[in-house]
Amino acid sequence: MTTPKPPTTVNTEAQHTKATHQAIALLIGVTATVLIPLVYLNGYNVLETIVTALIAGIGWVSLWLLRSGRITTTQTSLFLVFGVMTAASLEMLVFGSVRAAGGFLIVAAVAGAGVFLGRKALIASVVYGITSLGLITLAEHRGLLATPDFDVGVKVWLTHSAVLVVVAVLVFYSRSRAQAAYQQQADELALRKRTEQERDRSMERFGRIFRTSPSPMVAQSARNGVILDVNPAFERCYGYTCDQILGHDDRVLWAEPEQRAVFLQQLIDHRHIHQFECKALRFDGSTFDAMVSSEMGNDPQDKLIITTIADVSAQTAALERLQRSEERFAKAFNFSPLKMTITRLSDGMFLEVNQARDPVQGLRRNDLLGKTTLKTGGWLSPADRQAFIEIIQREGHVSAYETRMRHADGQLIDAKMWAELIEIDGEDCILSCFVNTTEEKRREALLLGVAQGMTGETGEAFFGALTRHMALALRADVVVVSELSTDQRVHTLSVWKDGAPSHNFAYDPDGTPCSQTLSQPALCVHESGLSRRFPGESPLLGMKAEAYVGRSLRDQDGSTIGVLKALWREPITLTKEMEALMSIFASRATAELIRLRRDREIHHLNTTLEQRVRVRTAELEKLNAELDSFAYSVSHDLKSPLRAIDGFTRLLGEQLEGRLQPDEQQLFERVLVSTQRMSTLIADLLALARVSQGTMELVHTDLSAMAEQVLKNERARQPARPLRWHIEPGLLSPCDARLARIALENLLGNAVKYTRDQPDPLIEVGRVPGTPGGFFVRDNGVGFNMAYADKLFKPFQRLHMPSEFEGTGIGLATVRRIVERHGGSISGAAQVGQGAEFRFSLERPRDPAALTEPAA
C-alpha cells in the first residue's frame, strides 16, 4: 500500500516546479531578447534575427502562461520544450549547419523534457530532436542549405552561456527533486515504522484492557459471528471456559432469540450499539439482566465485533426496590395524618402537598401549590426562612424546630417543624411536616407562671401561692391543701376561695370526699352530684359544691400526710390537661409538706440538742475522771506489794546463794525480771494517768531547744553509741511545756532505740511544709510494717518482739493523749528497714494574750 503524500508536501513541490519553470522561461526570454539586436546589428541573416525573436517570444509566452495559470505547468512545459526545439531546428536551417548553437538548444530542451515531463513526452522530444538533427544533417550533407558562417562572436558566447545556465538549472532542479524524493521516502519509511510501532502498542494496550477488564468482553468475526476470544471476566460471569466457547457463535449466550435478532439488525444498520438491554444465559442455564454494547470494525481484511457485557441484575433489583420505596413514600406522604409538604430549597415554592388537614395555617392543598412559603405565611420574614435554611443546609435535617406561622384568619400560631433535605430531579428540596404547639405553649406558660409564682416561697407562704395558682390554672372556685395529723384529723394549711384567701380550719374527714382521697393514691374525681353524695362537705366551705377533684399527699414510705383538693360550684368534665396539672401541683405540695414536717422535726431536735450535749459531756467528764483516778490508785497501790516481792526475792536469793541448782537460780532471775518489768509498766501507767489529769498551762514553747536537750540526755545515757541529729531552729508552739517534753521524750526515745542497729543513725526534727503548727520526728531506723499501723497508738500494742527492742507499748499512747489534749492529731508512716516518721500538730489557743513567754 502506497502511503499518500501529505497535502503540504504536494503543494510545496508544485510551487517549486512552477518557480523553476518560470526561471527557465525568464532566462530564455531575456537571453533571446538580448541577442535580437546583436544578431541584427552584426549583419547576420534576417531569418536568424526572426528565429531569435521567435525563441524570445516562446520564453515570454511561457512565462506569461505560468504566471496567469491559464494552462497547467505540464502543458506549459510541453509548449516550451517543443517550441524551443522547433526554433532551434529553424535556427540550424537558417545558419546552414547542424553545428550551429541550435544543437545545444535541442539538447537542453530534451534535458528539460526529461526533468519536467513524463516518459512519453521525453521519448517524443528525443525522437523529435533526432529527426530534426538527422534531416538537417542530410540537407547539409547534400548541400541543400546555405553556406554557414562559422565566425564566432558575442552571439555564440551568449547562446552557449544561456544553454549552460539552463542545463545547470535543470541539473540543480533534478538533483533537488531526487533529494526531495529520497527524503520523502525516508520520511515515509520512518512514518510507517512509527505507525507500526504505535499499532503494536495499541494492540498490546487493547490486549491488556481486554484481559484485565472487570466487564465480560467478547471478540467475534463480523463475517460469521464465530467467537474468536473472550476475557477472564466473561468466563467468571457466564461460567464458560475459553476452550468451551471459542469457535461457537453467540446464540448460546442469549436467553431470548428475539432479542438477539433485534440486536444484530441494529448492529448491521448502525455498525455500533450502546447499552442494549437483554436477558443473558449462563452455562448453568441461569439468566441475568445484561447491558450489551458492541462495535464493528472497518478493516475490510479483518472485520471484528468487540462486545462488552455488563451484569445489571443488582442495578435492576435496586431500581425495583427504589420504585417500591418511592411507591411506599408516595403512600406514606399522601395518606399521612400529619400535614406534609415538599418545597423547593431555592425559593420555598410548594411542589407537593398531601391531603391531611392543616392544623397550623388552616390552608387547603390548592391554596399552597405553586406559591411560596413567604407568600402563604409559612415564614413571617425572609430572615426567619434564611436562618432555617442555614441550619438544614448545615445539618441535612431539623427536628422539632420551633417557629411561628400565620393562620388563614391572620392569627400567629406557634408550631414545631420536622424537615429533611432531599433531592428531586437534581434539585434540592425540603420535605416538611408541622404540628400546632399553641396549646402546648399556653400550658408551658401557665406552668412557668406557676413555678415562678412559687419560687422562693416556703411554709405557709408557699401553700398560699400554690392554692392561688392552682385555682387560676383549673378555674376552680375553691382550692384547699391540708395536712393529716396524728389524730387522723385534717388541718388546712391554705384555703383559696372565690379569688381570695380564706381562713384555715380543721375537720374530721369522715363523711367527706377527703376520706376517699386519703385512702387511695390515685385521683378522686366527682365531676357532678357532689352535694348529693357528700352533704357534709358544703357546710365546711360555706358553699354548695357540685364537682370535686382531690389527691392524697404521701410520704416517701407511702404513708398519707395530707390532701390537695379543688371544688367547683358547677359540674365539670375532667380533661387530661387538668389531670396533669393536678399531678404537678400535688407533687409540689407533697415535697413542701415533707420538707415542712422535716423542718419541724429538726427544730425540735435542735431545741433539745444543747441540753443533751451538756448532760452527755458532764457524764463523760465524770467517767473519765473516775477512770483516771482508778488507774492512778491502782498503779499507786500496786507499787508497795511489788516492792515487797522484789525485796523478799532478792533477800531469799542472797540467803540461798550457792545452794541453788542452775534451774532454780534461773527461776529466781526470771522472777526478778518480771517484777522489774511490772514496775516499769506501773510507772508508765502512772505517767499516762498524769497526762490526762490536771490543768494545762499554755505557753510559747521552743520545741527546738527542748528536743536538743532531750537528745543530749539520751547521748549521755549511751556515750558509746554514734548518734547524729538535725533539729530545725525556731520550732515554736503554744502548748503545755511539761506535756510537750513528755511527748518529745517518748518520740525521740523511740527514735534513739530503733536506730541502734544503724551504723550511722540520724534523727531529724522539723516543721511539716504547708501545715501550720505541724511538726515531724524522723529517723533512719528499722521502721515498721504499715499493715499494722492501726496498733501504733493503742496501749500495750507493740510492732516488735520484746527480744528485739525493749518497751511496754505505753509511750506512743501517752503521746497521742498529750496531742489530743492540745486539740491536735498525730500519725505515723514508715517502711521496713528505711526508718519511720511521726507527724503531729498542736492546736493554737484562741486567746494569744493568755500565753506566757516561750519556755524550753
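What comes next concerns the included structure. Each chain carries its own residue numbering, running from 1 in the written order of its sequence. Local features are withheld for residues below a pLDDT of 70 in this predicted model, meaning they are given only at 70 or higher, and side-chain atom pairs are given and counted only at 80 or more; totals for whole chains, interfaces and linings count all residues. Processing note: side-chain calculations cover all non-hydrogen atoms of the structure and skip hydrogens and water entirely.

1. Topic: the pattern of salt bridges
Link 1 in the chain: Think of a salt bridge as a Lys or Arg side-chain nitrogen and an Asp or Glu carboxyl oxygen that are within 4 Å of each other. Here the structure, examined in full by the defined rule, presents 27 salt bridges.
Link 2 in the chain: In this structure, Glu198 and Arg201 form a salt bridge, with 2.8 Å as the shortest nitrogen-oxygen distance. Taken as a pair, Glu198 and Arg201 lie in helix α6 (residues 154-212) at a separation of three residues, close to a single helical turn.
Link 3 in the chain: On the accessibility criterion, Glu198 (35% relative accessible area) is partly exposed.
Link 4 in the chain: Connected through salt bridges with shared partners, the residues Glu764, Arg778, Glu837 and Arg839 form a single ionic network. Helix and strand definitions follow DSSP, with helices as H or I runs of at least four residues and strands as E runs of at least two, each counted in order from the N terminus. Classification of residues uses two cut-offs on accessible area relative to the type maximum, computed with a 1.4 Å probe and protein chains only: under 20% is buried, over 50% is exposed, and between them is partly exposed.

2. Some details on helix α13 (residues 382-395)
Link 1 in the chain: The end-to-end C-alpha distance of α13 is 20 Å, a good match for the 20 Å that 14 residues give at a rise of 1.5 Å each.
Link 2 in the chain: Buried residues along α13 sit in contact with β6 (339-344), α12 (373-376), β8 (397-406), β9 (412-424) and β10 (427-436).
Link 3 in the chain: Positive backbone phi, approximately 90 degrees, marks Gly396, located one or two places after α13. Here the expected length of a helix is defined as 1.5 Å per residue gap, with one fewer gap than residues. Residue contacts are defined here by distance: any two heavy atoms, one from each residue, within 4.5 Å place the two residues in contact.

3. Quick word on the side chain of Glu837
Link 1 in the chain: Looking at the secondary structure, you find Glu837 in strand β24 (residues 835-841).
Link 2 in the chain: Note on Glu837: relative accessible area 16%, which makes it buried.
Link 3 in the chain: For this analysis, a polar contact is any N or O atom pair within 3.5 Å, provided that within protein one partner can donate a hydrogen and the other can accept it, and provided that sequence-adjacent residues contribute only side-chain to side-chain pairs. A distance of 2.7 Å separates the side chain of Glu837 from the side chain of Arg839, its partner in a polar contact.
Link 4 in the chain: Filtering out sequence-adjacent residues up to four positions away, Glu837 remains in contact with Phe776, Val777, Arg778, Ser827, Gly828 and Ala829.

4. So, unusual backbone geometry
Link 1 in the chain: Within the chain, Ala400 stands out as a residue other than glycine whose phi angle is a positive 50 degrees.
Link 2 in the chain: With respect to the element layout, Ala400 can be found in strand β8.
Link 3 in the chain: For Ala400, a relative accessible area of 32% puts it in the partly exposed group.
Link 4 in the chain: Phi is positive for Asp498, which is not a glycine, with a value near 55 degrees.

5. Focus: empty space enclosed by the protein
Link 1 in the chain: Both site types are read off a 1 Å grid over the protein atoms alone. A 1.4 Å probe that fits but cannot get out defines a cavity, while an open set with protein on both sides within 12 Å along at least five of seven lines defines a pocket; lining residues have an atom within 4 Å of a point. Grid points are joined across faces, edges and corners, and a volume is the space filled by probe spheres set on the points. Enumeration over the complete set of coordinates arrives at three cavities of 30 Å³ or more.
Link 2 in the chain: Estimated volume of the second largest cavity: approximately 220 Å³.
Link 3 in the chain: Contributing to the lining of the second largest cavity are 21 residues, with Thr341, Thr343, Phe350, Thr373 and Phe434 lying nearest its centre.
Link 4 in the chain: For the lining of the second largest cavity, the elements supplying multiple residues, two or more each, are β6, α13 and β10.
Link 5 in the chain: At four residues, the largest contribution of residues to the lining of the second largest cavity is made by β6.
Link 6 in the chain: Gly falls in the polar group here, along with every residue not listed as nonpolar (Ala, Val, Leu, Ile, Met, Phe, Trp, Tyr, Cys, Pro) or charged (Asp, Glu, Lys, Arg). In the lining of the second largest cavity, the residues fall into 10 nonpolar, seven polar and four charged.

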